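# An overview of the molecular structure
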2 protein chains.
Amino acid sequence: MVPVFADVEAAAARIAPYAVRTPLVESAVLNALTGGRVFLKLEILQRTGSFKFRGACNRLAMIPLNERSKGVVAFSSGNHAQGVAAAAQLFGMPAVIVMPSDAPRSKIEGTRALGAQIVEYDRVQDDREAIAARIREERGAALVRPYDDAAIIAGQGTAGLEIAEDAARFGVTLDDVLSPCSGGGLVSGVALALKGAGSAARVHSVEPERFDGMKRSLEAGARAQAPGGPLSIADALMAPIPGVIVFELAKDLLAPGFAVSDEDLERAVSFAAQKLKLLVEPGGTAALAALLAGRIDARGKTIALILSGGNADFATVAAAVARLPAP
Amino acid sequence: MVPVFADVEAAAARIAPYAVRTPLVESAVLNALTGGRVFLKLEILQRTGSFKFRGACNRLAMIPLNERSKGVVAFSSGNHAQGVAAAAQLFGMPAVIVMPSDAPRSKIEGTRALGAQIVEYDRVQDDREAIAARIREERGAALVRPYDDAAIIAGQGTAGLEIAEDAARFGVTLDDVLSPCSGGGLVSGVALALKGAGSAARVHSVEPERFDGMKRSLEAGARAQAPGGPLSIADALMAPIPGVIVFELAKDLLAPGFAVSDEDLERAVSFAAQKLKLLVEPGGTAALAALLAGRIDARGKTIALILSGGNADFATVAAAVARLPAP
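Residues numbered from 1 in each chain as written. Chains lettered and ligands numbered in written order. Predicted model: local features only at pLDDT ≥ 70, side-chain atom pairs only at ≥ 80, totals over all residues. Heavy atoms only, no water.

Sizing a probe to match a water molecule and rolling it over the atoms shows the empty space that remains. On inspection of all chains with the given rule, the structure shows one cavity of 30 Å³ or more. One number sums up the size of the largest cavity: a volume of about 110 Å³. As for the largest cavity, its lining consists of 14 residues, of which P23(A), R169(A), P23(B), L24(B) and R169(B) are closest to the centre. For the lining of the largest cavity, the secondary-structure elements that each account for two or more residues are α7 (150-170) of chain A together with α7 (150-170) of chain B. Grouping the amino acids of the lining of the largest cavity by side-chain chemistry returns six nonpolar, two polar and six charged. (1 Å grid on protein atoms, 1.4 Å probe; cavity = no way out; pocket = protein on both sides within 12 Å on 5 of 7 lines; lining within 4 Å. Points joined across faces, edges and corners; volume = space filled by probe spheres on them. Helix = DSSP H or I, 4+ residues; strand = E, 2+ residues; numbered from the N terminus. Nonpolar A, V, L, I, M, F, W, Y, C, P; charged D, E, K, R; others polar.)

Put into structure tokens, the structure is as follows:
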């Protein structure tokens, strides 16, 4: 089922007692660099350090009370894992999370600290969906999909609703909104919310090269698989193809997508730390990376970049700063 | 002249076209840690990376147009320098900044990049006030004091006005507000603004041990000098005694002050980077350091911490994370 704007509004009411109302803040540094007005949506400050809590919280809040004791199961490289674990903890539900063994230690430990049971798998050899399905059958636990689910998309869309509200409060009209994209739950939910809130902003997905399934799908007009290949530094953004429900929304709501290289992402991580004073994980910087790499010209325009997550190991950020110091 | 609340309101209108409306954001991490509700005022996101732009912009905006060509002069360890340089650049005024030669390179370079002329001095041997006075006489430039000036205090107070506005928007009543304190312009301006806006929040200064002139002055009921001694890691917070005008406000408006050790500050720098995803300079973390070190019990209370600046060299933050990793 494809979500509608009312689902985003309902999600906003449902998660309000639990989620952080994250700020939209103008960046004088990026204004000066681009000649436009650049606003940042700081989902790095969301509960669990990424936007993923929004969707997970909305999805779990919709599980009937008499089914909650069976718990939930999810597979995730880390941010969805923490979002689901945190929501499960708040609702008193057991959670099993299937995570790749090469996920950042901060994400694995963060998930464990939220009371979830972790099952690790090999990203190349194992089938995470099969592992999750088995756990689901054994326990009767609800599977919480990372993006291809109306409740998840509506939950992520609440970030877009807040962007629209804050833009109105600041008296600005957004021309473009750029969002990191993996399976596409965030970018499609945000586009749904912005349109519903009356914004005419163009909403763009930003993906790592080789994992730019959304960009390719939008160009083809149908879901298309990205080539994949060597793992990206953006561990959170490696879905090879957008979700089915996601793309039903995306094909009508999104402007053309962008792809960025690993070096673009690493440069953005370094820039964020040194110039913006923000610790952003590689995948979380994708929208910023697209701006810094010149994928979009912000001169004379008003744009918003979603910084979607901050769950990098500190060493990852330090390495980026050492290798590509901001000028 | 001691500023009044109307001066803060006038300052807010004056700086609105130039200053960033920085966010107040709730921290789920600190809520969980303290059992209270903890909000962060992110002055690290202010233009030039610290609150200092507010006061400097207000002060320079009040210089008559026919005196602007003579320019301004200021002495500063770095954040005031950048605030003054940025405001001067916006108003097309020449600026000379007298800076200690041991200031963080990021602060010296940041000031130079804003078009200011830098005059370096030795923090131990030279008299920065005398150097600034000489430049002032030679050029007829206006001296922009770092804190003991009604226009500066009123400008810094605009941060307090925004805290009051955002607390109202979130429907919360603040019990306590903690602010880093050096000469006291920020903490006294914020206290003036909060009281004027109808808040009954207790406002506390937080200073490094050995440089806790405000805390000692409040205890004594009169301006008192801190002992000083080895330089603090908080390069921005080493004024030994609060300003005269500052203390006129502070003695009536402030709750008891707190002092924190260098290790408390370094631990807060590490915690901010790892758990809050924020790059905060040592002095900028003083309020957070006081909370983490147990100077105030936030359980069941609603408090706001001002993170006043983020202009640390990245290596300083990396060293803190390496030495005192967050648990």
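Before going further, it helps to spend a moment on the relation of the copies chain B and chain A. The two copies are related by a screw motion: chain B maps onto chain A through a turn of 180 degrees and a shift of 0.0 Å along the axis, at an RMSD of 0.0 Å. Here the transformation between the copies is reduced to the relation of a two-fold axis. For chain B, the smallest separation between a C-alpha atom and the rotation axis is recorded for L278(B), amounting to 2.5 Å. (Least-squares fit on C-alpha atoms with pLDDT ≥ 70 in both.)

What follows covers the interface of chain B and chain A. Between chain B and chain A, the residue contacts involve 24 residues of the former and 24 residues of the latter. Summing both partners gives a buried area of about 2000 Å² for chain B against chain A, and 75% of it is carried by carbon and sulfur. Put simply, chain B and chain A have zero salt bridges between them. Here chain B is connected to chain A by six residue pairs in polar contact (both at pLDDT 80 or more). The biggest single contributor to the side of chain B that touches chain A is helix α13 (residues 314-323) of chain B, with four residues. (Contact = heavy atoms within 4.5 Å. Buried area = accessible area lost by both parts, 1.4 Å probe. Salt bridge = Lys/Arg side-chain N within 4 Å of Asp/Glu carboxyl O. Polar contact = N/O pair within 3.5 Å; in protein donor to acceptor, adjacent residues only side chain to side chain.)

The predicted model of chain A has a mean per-residue pLDDT of 95, with 100% of residues at 70 or higher. Overall fold confidence (pTM) sits at 0.95, and the ipTM for the predicted complex is 0.94. (pLDDT = per-residue confidence, 0-100.)

Residues and elements named next belong to chain A. Of note in this structure, T48 is not a glycine but carries a positive phi near 75 degrees. Inspection of the secondary structure assignment puts T48 in the loop between β2 (37-42) and α3 (52-61). For T48, a relative accessible area of 16% translates into the label buried. One non-glycine residue, K277, lies in the positive phi region at around 65 degrees. When you line up the elements, K277 lands in the loop between α11 (262-276) and α12 (286-292). Judged by its relative accessible area of 9%, K277 falls in the buried class. (Buried < 20%, exposed > 50% of the residue type's maximum accessible area, 1.4 Å probe, protein only.)

Now for the pattern of salt bridges. Pairing is possible between side chains of opposite charge, provided their charged atoms come close. Residue and element names in this part refer to chain A. By the definition in use, this model includes 50 salt bridges over all chains. Between K41 and E162 there is a salt bridge whose closest N-O contact spans 2.7 Å. Within this pair, whereas K41 is found in strand β2, its partner E162 is found in helix α7, the two being separated by 121 residues in sequence. One salt-bridge network, held together by shared partners, links R21, K41, E43, R54, E162, E165, D166 and R169.

On to the sheet that holds strand β5 (residues 117-121) of chain B. All names here are of chain B. Strand order in the open sheet made by the four strands is β5-β4-β3-β6, with parallel pairing throughout. Taken across any chain shown, the strands that pair with only one partner, and hence form the sheet edges, are β5 and β6 (142-143). As defined by bridge partners, strand β3 (residues 72-75) adjoins β6 across two bridges and the pair is classed as parallel. Each bridged residue has a counterpart across the sheet, and for V73 the counterpart in β6 is L143. (Pairing = 2+ DSSP bridges.)

Turning our attention to the packing of aromatic side chains. Residues and elements named next belong to chain A. One pass over the structure, following the stated rule, counts five aromatic pairs over all chains. Considering the side-chain rings of Y18 and F91, the 5.2 Å spacing of their centres and the 85 degrees angle between planes classify their relative orientation as edge-to-face. Of this pair, Y18 sits in the loop between α1 (5-15) and β1 (24-26) while F91 sits in the loop between α4 (79-90) and β4 (95-100), and the two are 73 residues apart along the sequence. Looking at Y18, the relative accessible area reads 26%, which means it is partly exposed. (Phe/Tyr/Trp six-rings, centres within 6.5 Å; stacked < 30°, edge-to-face > 60°.)

With that settled, consider the domain arrangement of chain A. Residue and element names in this part refer to chain A. Domain assignment breaks chain A into domain 1 (5-50 + 153-323) and domain 2 (53-143). A straight line from the C-alpha centre of domain 1 to that of domain 2 covers 23 Å. Across the boundary between the two partners, domain 1 contributes 27 residues, which contact 21 residues of domain 2. Overall, the association of domain 1 and domain 2 removes approximately 1900 Å² of surface from exposure, summing both partners, and the carbon and sulfur fraction of that is 54%. Counting the contacts that link domain 1 with domain 2 gives four salt bridges. Of the charged contacts in the structure, one is a salt bridge between E281 and K107, with a shortest N-O distance of 2.6 Å. Mapped onto the side of domain 1 that touches domain 2, the elements with two or more residues apiece are α1 and α7. Per element, the largest residue contribution to the side of domain 1 that touches domain 2 is six residues, and it comes from α7. Residue composition of the side of domain 1 that touches domain 2, grouped by class: eleven nonpolar, eight polar and eight charged. (Domains from an automatic or database assignment.)

Residues and elements named next belong to chain B. Relative to the elements of secondary structure, D264 occurs in helix α11 (residues 262-276). Within the structure, the side chain of D264 is placed 2.9 Å from the backbone nitrogen of S261, a separation counted as a polar contact. Every residue in contact with D264, bar those within four places of it in the chain, is listed here: A289, A293 and R295.

On to the nonpolar core, then. General note: in soluble globular proteins, nonpolar side chains tend to be found buried as a group. Formed by 68 residues in total, the largest nonpolar core has its most connected members in L40(A), L278(A), L305(A), L40(B), L278(B) and L305(B). Once residues within four sequence positions are removed from consideration, L278(A) is found in contact with L40(A), L42(A), I44(A), A272(A), A273(A), L307(A), L45(B), K277(B), L278(B) and L279(B). The next biggest cluster of nonpolar side chains, apart from the first, holds 39 residues, and it includes A167(B), A250(B), A304(B) and I306(B). (Core = buried A, V, L, I, M, F, W, Y, C linked by side-chain atoms within 4.5 Å.)

Strand-to-strand pairing in sheets goes through backbone hydrogen bonds, with the strands running parallel or antiparallel. All names here are of chain A. Strand order across the open sheet formed by six strands is β1-β2-β10-β7-β8-β9, with mixed pairing between neighbours. If you trace the sheet from one side to the other, it starts and ends with β1 and β9 (258-260), each paired once. Averaged over all neighbouring strand pairs, the angle between strand axes comes to 25 degrees, with direction disregarded. Here β1 runs beside β2; their pairing, made up of three bridges, is antiparallel. Bridging from a neighbouring strand, E26 pairs with F39 of β2. Sheet strands in contact with helix α8 (residues 185-196) are β7 (176-180), β8 (202-208) and β10 (302-307), and its direction is about 155 degrees off that of β7. (Axes fitted to C-alpha atoms, helices over the stretch in contact; angles between N-to-C directions.)

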